[in-house]
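A look at the structure
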Amino acid sequence: MTVGNATYAGLDDLPQVVPLFVLPGAILLPRSHMPLNVFEPRYTSMIDSALRTDRMIGVIQPQFETSDEELAGRPKLCTVGCMGRITGFQESGDGRYLITLSGVSRFVFRGELEERAPFRRGHVDATRFAGDLTTGIGEDDVDRDLLLSTLKEYLSVNDLEADWDSVNSASTEVLVNALCMMSPYGPKEKQALLETENLKVRADTLIALAEVELARGNGGTGSTLQ
């Protein structure tokens with residue numbers, strides 16, 4: 001697969017150590033894009049370092065029930081994250097970086113480097129998710145019609161709109177992963193979507209979560225799908 005100006009043909013092309021961007025309630029998935037407004041000094045230092053090297057960053061959630069105080073320090077981390085390449089970069093002029101991370105491959109977090117850098121770095125292993133490097137794998141197994149009908153019902157119940165031209169033209173993989181990333185569910189549900197075995201299971205899990213919310217009669221948490 002090609003992401004930005006880099007090609008990742010196999011596991012040997014992926015780093016085994018990546019800086020870790022700890023984001024509660026957010027996930028990155030392969031071939032999806034995550035815009036980030038980076039302002040904390042530890043993370044601006046991380047961006048500087050990544051731009052000098054392979055431009056790769058690992059997005060990972062803290063373990064659930066992490067307090068705000070713990071989050072400001074070095075919280076324990078989930079066991080699975082996703083590495084992404086910086087494919088968009090802009091300086092704001094006031095110390096912030098506006099970047100776009102493009103998902104490359106999920107990984108298993110194997111442990112943290114003990115060092116005094118301002119940001120965290122971890123040993124990662126993408127072997128379990130080698131299929132992430134193949135574009136479109138598993139698309140034919142996804143019930144796209146059911147996914148779209150569930151999405152339409154969810155949007156209708158919540159009085160939300162979607163750009164249906166973009167939805168209909170998107171590949172099934174891009175559509176499923178984008179919906180997972182922007183879904184209004186909590187950290188545990190987001191992590192479950194991240195860790196699914198394949199695209200079909202991910203789509204089925206997303207549909208099941210939406211159906212549960214619809215059955216409750218409130219359709220979700222009031223978040224907007226864009």
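These numbers come from a predicted model, not from an experiment.

Things to note about the pattern of salt bridges
For the structure on display, the rule yields nine salt bridges. Note that Asp132 is salt-bridged to Arg106, the shortest N-O span being 3.0 Å. Residue Asp132 is located in the loop between strand S8 (121-125) and helix H3 (144-157), and its partner Arg106 is located in strand S7 (residues 97-112); the two are separated by 26 residues in the primary sequence. Grouping residues by exposure puts Asp132 and Arg106 together as buried. A salt bridge links Asp204 to Lys200; its shortest N-O distance comes to 2.7 Å. One end of the pair is Asp204 and the other is Lys200, both in helix H7 (residues 199-216) and four residues apart, which spans about a single turn. Salt bridges linked by common partners bring Arg74, Glu112 and Arg120 together as one network.

As for the environment of Gly186
Mapped onto the fold, Gly186 is located in the loop between helix H5 (172-182) and helix H6 (187-194). Placed 160 residues apart in sequence, Gly186 and Ala26 show a C-alpha to C-alpha distance of 8.8 Å.

Concerning the pairing of strand S4 (residues 33-38)
Across the two faces of S4 the burial differs, with Met34, Leu36 and Val38 buried and His33, Pro35 and Asn37 not buried at all. Direction of pairing for S4 relative to S7: antiparallel, over a ladder of six bridges. Directly across from His33, in S7, lies its bridge partner Ser102.

Here's the deal with the state of the cysteines
Across all of its chains, the model carries zero disulfides by this definition. Its sulfur unpaired, Cys82 is 12 Å from the next cysteine sulfur, which belongs to Cys180. Classification of Cys82 as buried rests on a relative accessible area of 0%. Judged by its relative accessible area of 0%, Cys180 is buried.

Observations regarding the pairing of strand S6 (residues 80-91)
By the bridge criterion, four bridges tie strand S5 (residues 56-60) to S6 in an arrangement that is antiparallel. Bridge pairing links Ile57 to Gly84 in S6. By the bridge criterion, 11 bridges tie S6 to S7 in an arrangement that is antiparallel. Counted as the bridge partner of Gly84 is Gly103 from S7. What sits between the antiparallel neighbours S6 and S7 is a turn of five residues, in which Gly93 has the positive phi angle 95°.

Section: the nonpolar core
Judged by nonpolar contacts, the single largest core of 64 residues is most densely connected at Tyr8, Leu101 and Val104. Apart from residues no more than four positions distant in its own chain, Val104 is found in contact with Met1, Val3, Tyr8, Leu14, Pro30, Met56, Cys82, Met83, Gly84, Arg85, Asp132 and Leu133.

Details of unusual backbone geometry
Positive phi, normally seen in glycine, also occurs at Arg31, with a value near 60°. Positionally, Arg31 belongs in the loop between strand S3 (17-22) and S4. What makes Arg31 buried here is its relative accessible area of 15%. Despite not being glycine, Asp159 has its phi angle at roughly 55°, a positive value. Position of Asp159 relative to the elements: it lies in the loop between H3 and helix H4 (164-169).

What counts and what doesn't
- Residues numbered from 1 in each chain as written.
- Predicted model: local features only at pLDDT ≥ 70, side-chain atom pairs only at ≥ 80, totals over all residues.
- Heavy atoms only, no water.
- Salt bridge = Lys/Arg side-chain N within 4 Å of Asp/Glu carboxyl O.
- Helix = DSSP H or I, 4+ residues; strand = E, 2+ residues; numbered from the N terminus.
- Buried < 20%, exposed > 50% of the residue type's maximum accessible area, 1.4 Å probe, protein only.
- Pairing = 2+ DSSP bridges.
- Disulfide = S-S within 2.5 Å.
- Core = buried A, V, L, I, M, F, W, Y, C linked by side-chain atoms within 4.5 Å.
- Contact = heavy atoms within 4.5 Å.

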